[in-house]
Amino acid sequence: MTTTTTSNYFIEIENQYGAHNYHPLPVVLEKGEGVYLWDVEGKKYFDFLSAYSAVNQGHCHPKIIDSLIHQAQKLTLTSRAFYNNRLGEYEKFMSEYFGFDMVLPMNTGAEAVETAIKICRKWAYEKKGIAENNAQIVVADNNFHGRTTTIISFSNDLNAQKNFGPYTGGFIMVAYDNIAALEQLFQTHPNIAGFLVEPIQGEAGVYTPNESYLMQVKDLCNQYQVLFIADEIQTGIARTGSLLAVCGNCNCANQCEQQETYSKPDILILGKALSGGVYPVSAVLADKAIMEVIKPGQHGSTFGGNPLGVSVAMTALEVVYEEKLIQNARKLGHLFRAKMREYIQHSNIVQLVRGKGLLNAIVINDSEHGQTAWNICMKLAENGLLAKPTHGNIIRFAPPLVMTEDQLLECIDIITKTLKEFE
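Residues numbered from 1 in each chain as written. Predicted model: local features only at pLDDT ≥ 70, side-chain atom pairs only at ≥ 80, totals over all residues. Heavy atoms only, no water.

Time to look at the overall build of the chain. Of regular secondary structure, the chain possesses 14 helices and 15 strands. For a compact globule of 423 residues, the expected C-alpha radius of gyration is about 22 Å, and the chain comes in at 21 Å, within 12% of that figure. Expressed along its principal axes, the backbone C-alpha trace of the chain runs to roughly 60 × 55 × 50 Å. Put simply, of all contacts in the chain between residues at least 6 apart along the chain, 71% involve residues at least 24 apart. For the chain, the accessible area works out to roughly 19100 Å², and carbon and sulfur atoms hold 50% of it. (Helix = DSSP H or I, 4+ residues; strand = E, 2+ residues; numbered from the N terminus. Rg over C-alpha atoms; globule rule 2.2 N^0.38 Å. Contact = heavy atoms within 4.5 Å. Areas by Shrake-Rupley, 256 points an atom, 1.4 Å probe, with all protein chains shown as cover.)

Put into structure tokens, the structure is as follows:
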């Protein structure tokens, strides 16, 4: 072992011994607290990615960390071969918090998506009456639901898909935010079991659909007896200024003030911020008529629903309510987009800003294959703010939801001053 603490040292050993399946910014992080991160040289940064929205509650939130430590000293894992005294409480808590009858606990987002696909297909055969092995699930183009073999089978990102075949069948792709195209599919394909969709396409560049889209999706799914499956792994848990992005102006009882529109999915997929970034926890929620198709031995996970993970998740969700993170994300999101629009009016480098709550992106005036967005992110890091490009010319901005207005204004100042260097 060595006591060397330079960034170059850690980057070099990772490049030598680790698979090269990521292309990170050359920043080596050592410590996090709230909205801040520090690298191994002690440089301080604002975090504007939040581990892809896993750290909504802020880095190392003291209440969540205390919950982790307390449970870790008692019991961490039993497997599902036995009951434990935490899982049932968690399942009740989750069902009541999100308004569903039942929950199936898993660990990672991709696992949860795979779980939802299995539930949907089994429901199709046992409840809808589709002939076995004929069920089809509709997905949106430019989707991102993970990188397992099944999930990349319905991706149109060639970088994620090419040379990983043969691919899994049973999926139909439709244009995102296009109700007419979706209805045409429902009319012409009688074996459609579900529609799997991100309420906002994060990896695609924070593409936000028409305000009526999700309500229309819900209505169509009801009309054609198709399960509406919402992947809220990135958009859920207060990120968009609602408890869930499908809430519209929110139907979250004690979590939010407004109750005007709520496109309740038939199956809800959660992950990332479900544990505040402290431990891998994901979940699939549905009402009993759907969830009851899963019987013992038909699906599972050694770590899914473990006492440590569920204790952390319950505490992480308590923090969302106690610290009014939904309301803060909504307020600061409006402020961020307003300030960025002011800048864009006189900018040659930024085309537009889009998003909802504190999930936002700016589109850089460059091609998808250009380097401008990457270079801007490198300069942002130099100026004390961490963000990452997506799809080449788009920069996603998603700070922890515990950010204050003063901190956000300081960050906007860093962003605009950095952008001016590229005008």
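That shown, we press on.
At their nearest, the axes of helix α13 (residues 372-382) and helix α14 (residues 405-420) sit 10 Å apart, and the two run at 130 degrees to each other. Classed by the angle they form, the pair α13 and α14 counts as oblique. When you trace α13 past α14, the crossing you get is right-handed. Contacts between α13 and α14 pair I376, K379 and L380 from the former with I414, I415, T418 and L419 from the latter. (Axes fitted to C-alpha atoms, helices over the stretch in contact; angles between N-to-C directions. Parallel < 35°, antiparallel > 145°, perpendicular 65-115°, else oblique. Left-handed = near helix turned anticlockwise from the far one by under 90°.)

Spatially, the 4 strands line up as an open sheet ordered β1-β2-β3-β13, and their pairing is mixed. A single partner strand is all that each edge strand has here, and the edge strands are β1 (29-33) and β13 (385-386). Across 4 bridges, the pairing between β1 and strand β2 (residues 36-39) is antiparallel. Within the sheet, the bridge partner assigned to K31 lies in β2 and is W38. Those strands touched by α14 are β2, β3 (44-47) and β13, and its axis lies near 100 degrees from that of β3. (Pairing = 2+ DSSP bridges.)

Reported here for the second largest pocket is a volume of approximately 810 Å³. E14, P24, L25, V27 and L29 are the residues nearest the centre of the second largest pocket, which is lined by 26 residues in total. Sorting the residues of the lining of the second largest pocket by element identifies α1 (7-17) and α2 (50-53) as the ones contributing at least two each. Looking at the lining of the second largest pocket element by element, the count peaks at 4 residues for α1. Its residues assigned to classes, the lining of the second largest pocket comprises 16 nonpolar, 7 polar and 3 charged. (1 Å grid on protein atoms, 1.4 Å probe; cavity = no way out; pocket = protein on both sides within 12 Å on 5 of 7 lines; lining within 4 Å. Points joined across faces, edges and corners; volume = space filled by probe spheres on them. Nonpolar A, V, L, I, M, F, W, Y, C, P; charged D, E, K, R; others polar.)

For the rest of this paragraph, the subject is the nonpolar core. Where a protein is soluble and globular, its nonpolar side chains tend to be buried together. Among the nonpolar cores identified, the biggest contains 92 residues, and F48, F98 and F195 are the most heavily contacted of them. Examining the composition of this core, we find that 9 residues originate from one element, helix α11 (residues 307-322), more than from any other. With residues near it in sequence (within four places) discarded, F98 still touches I237, L243, L244, Y262, L268, L270, L285 and L317. By size, the runner-up hydrophobic cluster in this structure holds 31 residues, among which are L104, I119, A135 and I151. (Core = buried A, V, L, I, M, F, W, Y, C linked by side-chain atoms within 4.5 Å. Buried < 20%, exposed > 50% of the residue type's maximum accessible area, 1.4 Å probe, protein only.)

This part takes up the sheet that holds strand β5 (residues 136-140). An order of β4-β10-β9-β8-β7-β5-β6 is seen for the 7 strands of this open sheet, with the pairing classed as mixed. Looking at which strands have only one partner, the edges of the open sheet turn out to be β4 (102-106) and β6 (171-174). Here the strands of the sheet are splayed against their neighbours by 20 degrees on average, with no regard to which way each runs. Bridge count for β4 against strand β10 (residues 282-286) is 5 bridges, and the pairing is antiparallel. Each bridged residue has a counterpart across the sheet, and for M102 the counterpart in β10 is A286.

We now examine the packing of aromatic side chains. The full count for this structure, using the stated rule, is 12 aromatic pairs. Chaining the aromatic ring pairs together yields one cluster made of Y36, W38 and F46. In this structure, K31 packs its charged tip against the face of W38, placed 4.7 Å from the ring centre. Here K44 stacks its cationic end above the ring of Y36, 4.0 Å away from the centre of that ring. (Phe/Tyr/Trp six-rings, centres within 6.5 Å; stacked < 30°, edge-to-face > 60°. Lys NZ or Arg CZ within 6 Å of the ring centre and 35° of its normal.)

Inspection of the secondary structure assignment puts S153 in the loop between α6 (149-152) and α7 (158-161). From its side chain, S153 meets the backbone oxygen of T149 in a polar contact 2.7 Å long. (Polar contact = N/O pair within 3.5 Å; in protein donor to acceptor, adjacent residues only side chain to side chain.)

Taken N-terminus to C-terminus, the directions of helix α3 (residues 62-72) and α11 make an angle of 160 degrees; their axes are 9 Å apart at the nearest point. Classified by the angle between their axes, α3 and α11 sit roughly antiparallel to one another. In the packing of α3 onto α11, the handedness of the crossing is right-handed. Contacts from K63, I64, S67, L68, Q71 and A72 in α3 reach P307, L308, S311, V312, T315, A316, E318, V319 and E322 in α11. The residue makeup of the contact of α3 with α11, split by class, is 8 nonpolar, 4 polar and 3 charged.

Moving on, we come to empty space enclosed by the protein. Summed over the entire model, instances satisfying the criterion amount to 2 cavities of 30 Å³ or more. Volume-wise, the largest cavity comes out at about 60 Å³. When its residues are assigned to classes, the lining of the largest cavity shows 4 nonpolar, 4 polar and 2 charged. Size it by volume and the second largest cavity reaches roughly 40 Å³. Surrounding the second largest cavity, Y90, P105, M106, N107, P280, V281, F303, G304, G305, N306, G309 and V310 form its lining. Taken together, the elements giving at least two residues each to the lining of the second largest cavity come down to β4 and α11. A class-by-class count of the residues in the lining of the second largest cavity yields 7 nonpolar, 5 polar and no charged.

Looking now at the confidence of the model for the chain. Overall, the predicted model of the chain reaches an average pLDDT of 94, with 96% of residues at or above 70. Between residues 253-260, whose pLDDT stays under 50, and residues either more than four places distant or in other chains, the model counts 23 contacts. (pLDDT = per-residue confidence, 0-100.)

The next point concerns unusual backbone geometry. Residue G165 is joined to P166 through a cis peptide bond whose omega torsion reads 5 degrees. In this structure, P166 sits in the loop between α7 and β6. Here A51, not a glycine, exhibits a phi torsion of approximately 50 degrees, which is positive. Looking at where A51 falls in the secondary structure, it is placed in helix α2. Positive phi, normally seen in glycine, also occurs at Y52, with a value near 55 degrees. Residue Y52 is classed as partly exposed on the basis of its relative accessible area of 30%.

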